[in-house]
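The lines below spell out each chain.
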Amino acid sequence: MRVRGIEMASKDCVKVAVRVRPFNKRERDAGSRCVISMSSNNISIQDPRNPQNSRTFTFDYTYWSHSGFSRNKDGLFVPEEAGGRYADQTSVFLDLGQGILDNALQGYNATLLAYGQTGSGKSYSMVGYGSNKGLIPTLCERLFQSIRSTQDSRQCQVFFSMLEIYNEQVVDLLSKISRSAGGLRVREDQQRGFYVEGLKRVPCDSAVQVEQLMEQGTRTRTTAATHMNANSSRSHMLIIVQLKQIFSKECITKQSNIYLVDLAGSERQRSSGSEADRLKEGTAINLSLTTLGNVISALADTALGKKVVHIPYRDSVLTKLLQSALGGNSRTVMIATLSPADICYEESLSTLRYAERAKRIQNKAVVNESPTERLVKELKAENAKLLMRLSRLGQEGRKADDETKELRRLLTHNELQIRAIQTLWEQHLQEALKDWETQYATITQERRMMQMHPYIMNINEDAQLSGVVKLFIQEEGEWDIGLADNSPRVISIRGLGIQEKHAVFSNQQRRVSITPVSGSKVIVNGVPVSKRIELQHLDRLVLGSNSTYLFIGFPTERSGEDWSRYDYDYFQSELAEAEGFHIQSLCEDQGQRPHQPDPSLLPVFYDYIKLMPMVTEANQMSKELKKGVEFKLEIKNLAMTDSKGHDLEKDIAVRVTSLESKQVWMWSKAKFVNRKFLMEEAYQQQVGGGEGADRAPLPRERDPFWDPLEPLHLGSAHLWLQSLAFRIPLEEQVEVVGPEGTEEAILQTQLVPCSPMGLPLGEDDILIDPSELLGKRLDFQLVLDQCCGLRWVKEARNRGVQIGFRVFDCPQPLYTPAIWHNVNPLMDHRVQFTALRTSQELLNYLQSNALVLELWGLQEGCSELVSCMDGVKMTQEDNIIIDMISASEHSTAETRGSDLSSSLRALHQDMEQLRNVNAALRKENGCLREQLNSARNGVENNRGRQERRGSLRPSCDAEFAKALKVFYHSMTSVRGQLQRLRRHKPSEEADLLGFRLFVDEHTYLLKDFSEQLEQSVTTLKQDVAAIVRRKREKSGIWS
């Protein structure tokens, strides 16, 4: 391991490592399976939807941390067996961290980047958890060990800085000064390159001090995220360790910068292929990560010899600060972290592709010489010259007092400069030690209070930020909690939806309770509360929109249980379950057993859980900004199928409703996430911007809460086409089902086989064998008679609807005219389709597919949907042509027929000659006829029986067709009765008597349904039996 670290330090190309973490609780509960495998430095990922499809990548280092480990008595995760494949924190450091440290000690700049989706193990690898220390604390610890072991030969100075980049704003996490509105500025210097102006540099002389500074920075990061309503998973954290080594004997100074970067979550939007947002992602939430990808791609192309005109370092704050790390003066390592679960396949594959590009980058690292050391050298050289000059003046004995005084003044000035430079480090260190002692005293006091009082501690989406803020409920009595901080008995918190006085904690007789203030939002264990409730140890609290806290009871109530299970996901899952949304309910909606969830539902469930707090925050911002808009999560296609009856892919959508005008929008997940960040910007400008900030509201075209109105897809109905294959007309009521399984309307429809002129076919045209249609013309009409019970229009009468559909290979969807302001509109819409030569493909389509009728909702100010006829071909009767391939073959055949007309005339002449020959042959056959008279009589008798049999079959086939038609129509009536049964529900206000009446009515409907079904089947049996009996009576051979 150690050898690999030293080898890495001797090369300048970017080294890339990949680490695979264990399943988390969410993935274990979902029954996820591992789709990643490792062999040496190769890593393979398998597509869970197509196991035959896999991709293999090769990297400098690969770490299997998914399985094969156990926890020892010290709490360290170690391999179960000696020499096992499990990679613990120590082995990762020896390969990666030791190389970074060696580079820095040699005087090179060094950078360590952690990349991966949120929750993939970036923070664990970089910072660690508990006794399993990550790369950063271990590197700092080894750095100071190296400094102490060689302090006789060199003097070392270490400066520590910690910053965060969120939405292209730089925040100093170690500064006690309140943050400026736009964050710190990034400037460029010819010598230093890009740097953060005003960033605090804290001198350190021990790893313990660095650990305390990291804790302080993490606390600041947590507080800032809460106050600014920011998502920590979308921010980048940078730690900068500046190392200066002064070698006195050699008069050499080496200075290096170590950048330790925890990048924002790289998760992809699964709905990235959805509609584009009119408001581009101008918030730069993803700008830094996107630009970093562009820089890496450009540098990778350069390494492959491609001509690259521009490398976009200047396009984001992050890439400016990392310019030296990527293609510049640094030795760089990237660690990419992966989740091995099948539900994270897309994100993991994206991370592997990103890392593969990064490994091609080549840097040009050089040893750095300190400019301060150069100044000291120059001053010492100048002092030596001055001393020599003074000695010569003394030896010559000249009377040059004025010149001597000037030389002595310059010498004294230079010596003071040298002394100032050398003592500056000691002064900075003493000041930092004083700050550190103050901070340490605060932390010590907090730890002492944790052993004395109950408290609430924050729970954050980023596990590294959870448990950082602890709010104590100290003495007995009442403690107000809220924004106010003007009283000694107030617990001050900030966050979206927090009121001045939000709730009251009561500590009486070693029992703690919470009482919400009127109008404030308080949730305990997933359930909203409006009155006093006593808290139990490890109760979960949500204050305001999404300020999540875990209640820790008195020390006597704590029994050493594991608190880590109560993470952010636990809170959100509990909230979802309280609303009736959990994976079991999804499976039941799909008709599955709860313990066997459909893998396709799991990503939807977790997307729902992830978006829940964002929707809550968006609603709170809308309320505070008086936008009058409400957001609600919905599952798209939960109960919808395609034309073959197969389930459509599920996804999350957000329903946006104007509370005043009742206007509705539907946003995709990607669009909502983008708008959420834009809402945060608008909120900070108008609410967090201080006095006068709300005087200039955003114009409507830039308002993230508003969108132009568009038609909304309300649901779809399925009209099965099988009857057309038999040329049997169909009249049916179909139910329009919404995305979540709600009944949106009832549609009365007809499928009518007809002649080219649109006249309905008769009973004699019914087919027994659909294959008789092959190669023949088929005409039919789709009739939409009426739409009943439109829920969309019931909710607001100023709305309208349209029906859209597409038949077989029709190139464009067709739409009915818009109908407004009517709950039960008569549509009377009729469209005729024609297949000139029915192909096998069309016949298969009719027998196995349904026509999907899509219901679209219109609102005032919304453009109507228009049928586009581009590419649509029509017959002479203005019918729409379908089955275009067979139609083109038919037209080609006609063209060929006209070309062969001349050949046919010649054939007619040849046939005339053959007729003359046949006349001569007839005379010769005359004599033969007389000889065959006796045989002819037997042949005629057999022919008579065959004719009778042939005449029987068509008549019997017609009778069969009539019987089937009667049965088909009766089954349509039965289907209508079944739909009435499905819609028959008790009233929500019904009492016991009402329920009894409902049961009686339901029993009657069931009886009627069973009687109709039994009568239809009995009639069909009787008709078939009668037809068979008649056949046997008329033909002796039917026995």
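So, here is what we can say about the structure in this document. (Residues numbered from 1 in each chain as written. Predicted model: local features only at pLDDT ≥ 70, side-chain atom pairs only at ≥ 80, totals over all residues. Heavy atoms only, no water.)

**Overview of the overall build of the protein chain**
Put simply, the rule reads: Helical segments are the DSSP runs of H or I of at least four residues, strand segments are the runs of E of at least two, and each set is numbered from the N terminus. Partly exposed residues are those whose accessible area sits between 20% and 50% of the maximum for their type, while under 20% is buried and over 50% is exposed, using a 1.4 Å probe and protein chains only. Contacts between residues were defined by any pair of non-hydrogen atoms, one from each residue, lying within 4.5 Å. Accessible surface area values rest on a Shrake-Rupley calculation with a 1.4 Å probe, where residue burial reflects the displayed protein chains alone.
Counting its secondary structure elements, the protein chain contains 22 helices and 42 strands. Split into buried and exposed, the 1039 residues of the protein chain put 47% on the buried side. Residue pairs at least 24 apart in sequence account for 69% of intrachain contacts in the protein chain once pairs closer than 6 positions are excluded. Of the roughly 53,300 Å² of accessible surface on the protein chain, a fraction of 49% belongs to carbon and sulfur atoms.

**A word on the packing of aromatic side chains**
Here is the rule: Note on aromatic contacts: the rings of Phe and Tyr and the six-membered ring of Trp form a pair at centre separations within 6.5 Å, being stacked when their planes are under 30 degrees apart, edge-to-face when over 60 apart, and tilted otherwise. Consider the ring centre and the ring normal. A charge sits over the ring if Lys NZ or Arg CZ is within 6 Å of that centre and within 35 degrees of that normal.
A full pass over the atoms with the stated rule returns 13 aromatic pairs. Arranged with centres 6.5 Å apart and planes meeting at 5 degrees, the rings of Y61 and Y63 form a pair that is stacked. The burial state of Y61 is the same as that of Y63; both residues are buried. The ring of W667 is capped by R675, whose NZ or CZ atom sits 4.9 Å from the centre of that ring.

**What about the pattern of salt bridges?**
In plain terms, the rule: By salt bridge we mean one thing: a side-chain nitrogen of Lys or Arg within 4 Å of a carboxyl oxygen of Asp or Glu.
Within this structure, the stated rule accounts for 26 salt bridges. Across the salt bridge formed by R799 and E795, the nearest N and O atoms sit 3.2 Å from each other. Classification of R799 as buried rests on a relative accessible area of 4%. Several salt bridges share partner residues, and in doing so they unite E744, R791, E795 and R799 into one network.

**Some points on the packing of helix α7 (residues 287–303) against helix α9 (residues 345–358)**
Stated formally: Only the stretch in contact is used when fitting a helix axis, every axis being a line fitted to C-alpha atoms; angles between N-to-C directions are given from 0 to 180 degrees. Reported orientations rely on four angle classes, namely roughly parallel under 35 degrees, roughly antiparallel over 145, roughly perpendicular from 65 to 115, and oblique for the rest. By the convention adopted, Pro, Cys, Tyr, Trp, Phe, Met, Ile, Leu, Val and Ala count as nonpolar, Lys, Arg, Asp and Glu as charged, and the other residues, Gly among them, as polar.
Axis separation between α7 and α9 bottoms out at 8 Å; the angle between their running directions is 45 degrees. The angle between α7 and α9 falls in the class oblique. Only Y354, R357 and A358 of α9 make contact with α7, whose side of the interface consists of L289, L292, G293, I296, S297 and A300. In terms of residue class, the contact of α7 with α9 is made up of 6 nonpolar, 2 polar and 1 charged.

**Here we look at the pairing of strand β16 (residues 236–247)**
Stated formally: Strands pair, by our definition, only if DSSP identifies at least two bridges between them.
β16 sits mainly inside the fold: 12 of its 12 residues count as buried. Here β16 shows a buried face lined by H236, L238, I240, Q242, K244 and I246 and a second buried face lined by M237, I239, V241, L243, Q245 and F247. Sheet analysis places strand β11 (residues 155–166) next to β16, joined by 11 bridges and oriented antiparallel. Each bridged residue has a counterpart across the sheet, and for F159 the counterpart in β16 is Q242. Sheet analysis places β16 next to strand β17 (residues 252–262), joined by 11 bridges and oriented antiparallel. Directly across from I246, in β17, lies its bridge partner T253.

**As for unusual backbone geometry**
Trans is the common state for peptide bonds, and a negative phi is the common state for residues other than glycine. For Q509, which is not glycine, the phi torsion reads 50 degrees and is therefore positive. Its location among the elements puts Q509 in the loop between β23 (503–508) and β24 (511–516). Accessibility expressed as a relative area gives 70% for Q509, which makes it exposed. For K662, which is not a glycine, the phi torsion comes out positive at approximately 65 degrees. Locating K662 in the fold gives a position in the loop between β31 (651–658) and β32 (664–668). Judged by relative accessible area, which is 43%, K662 ranks as partly exposed.

**Structural notes on helix α18 (residues 840–848)**
Test applied: It is the directions from the helix axis to the C-beta atoms whose arc is reported.
For α18, the full list of buried residues reads L842, L843, Y845 and L846. Looking down the long axis of α18, one finds its buried residues gathered within 160 degrees of arc, a one-sided arrangement. Those residues of α18 that are buried are in contact with α16 (722–725), β36 (778–788), β40 (826–835) and β41 (850–858).

**Considering the nonpolar core**
Condition: In plain words, nonpolar cores are sets of buried Ala, Val, Leu, Ile, Met, Phe, Trp, Tyr and Cys residues tied together by side-chain atoms within 4.5 Å.
Ranked by internal contacts, the top residues of the largest apolar core, which has 56 residues, are F631, L633 and F672. Here the element with the most residues in this core is helix α14 (residues 601–624); it accounts for 12 residues. Each residue touching F631, except ones within four places of it in the same chain, is listed here: V615, A618, N619, S622, V654, R655, V656, W667, F672, M679 and F705.

**Points about the sheet that holds strand β21 (residues 477–482)**
Neighbouring strands of a sheet are bound in pairs by backbone hydrogen bonds; such pairs are parallel or else antiparallel. Taken together, 5 strands build an open sheet; the order of strands is β22-β21-β23-β24-β27 and the sheet is mixed. At either end of the open sheet lies a strand with only one pairing partner, and these are β22 (490–492) and β27 (533–534).

**So, the packing of helix α12 (residues 568–578) against α14**
Relative to each other, α12 and α14 sit at 85 degrees, their axes nearing to 9 Å. Regarding the angle of α12 to α14, the classification is roughly perpendicular. Residues Y568, Q572, S573, L575 and A576 of α12 lie in contact with α14, whose contacting residues are I609, M612 and P613.

**Some thoughts on α14**
Spelled out, the test is: Multiplying 1.5 Å by the helix residue count minus one yields the expected span of that helix. Note on bend: the value at a residue is the angle between axes fitted to the seven residues ending there and to the seven starting there.
With 24 residues, α14 should cover 34 Å at 1.5 Å per step; its first-to-last C-alpha distance of 35 Å lies within 8% of that length. The largest bend in α14 is about 35 degrees, located at L611, with the proline P613 one to four residues further on. For α14, the tally of buried residues reaches 19 of 24 residues, placing the bulk of the element in the interior. Where α14 terminates, the next one or two residues include K626, which has phi positive at roughly 60 degrees.

**Quick look at the environment of F571**
Counting through the fold element by element, F571 comes out in helix α12. A C-alpha to C-alpha distance of 8.7 Å links F571 and L541, two positions 30 residues apart in sequence. Other than its neighbours up to four places away in sequence, F571 contacts I459, R540, L541, V542, T548, Y549, L550 and Y566.

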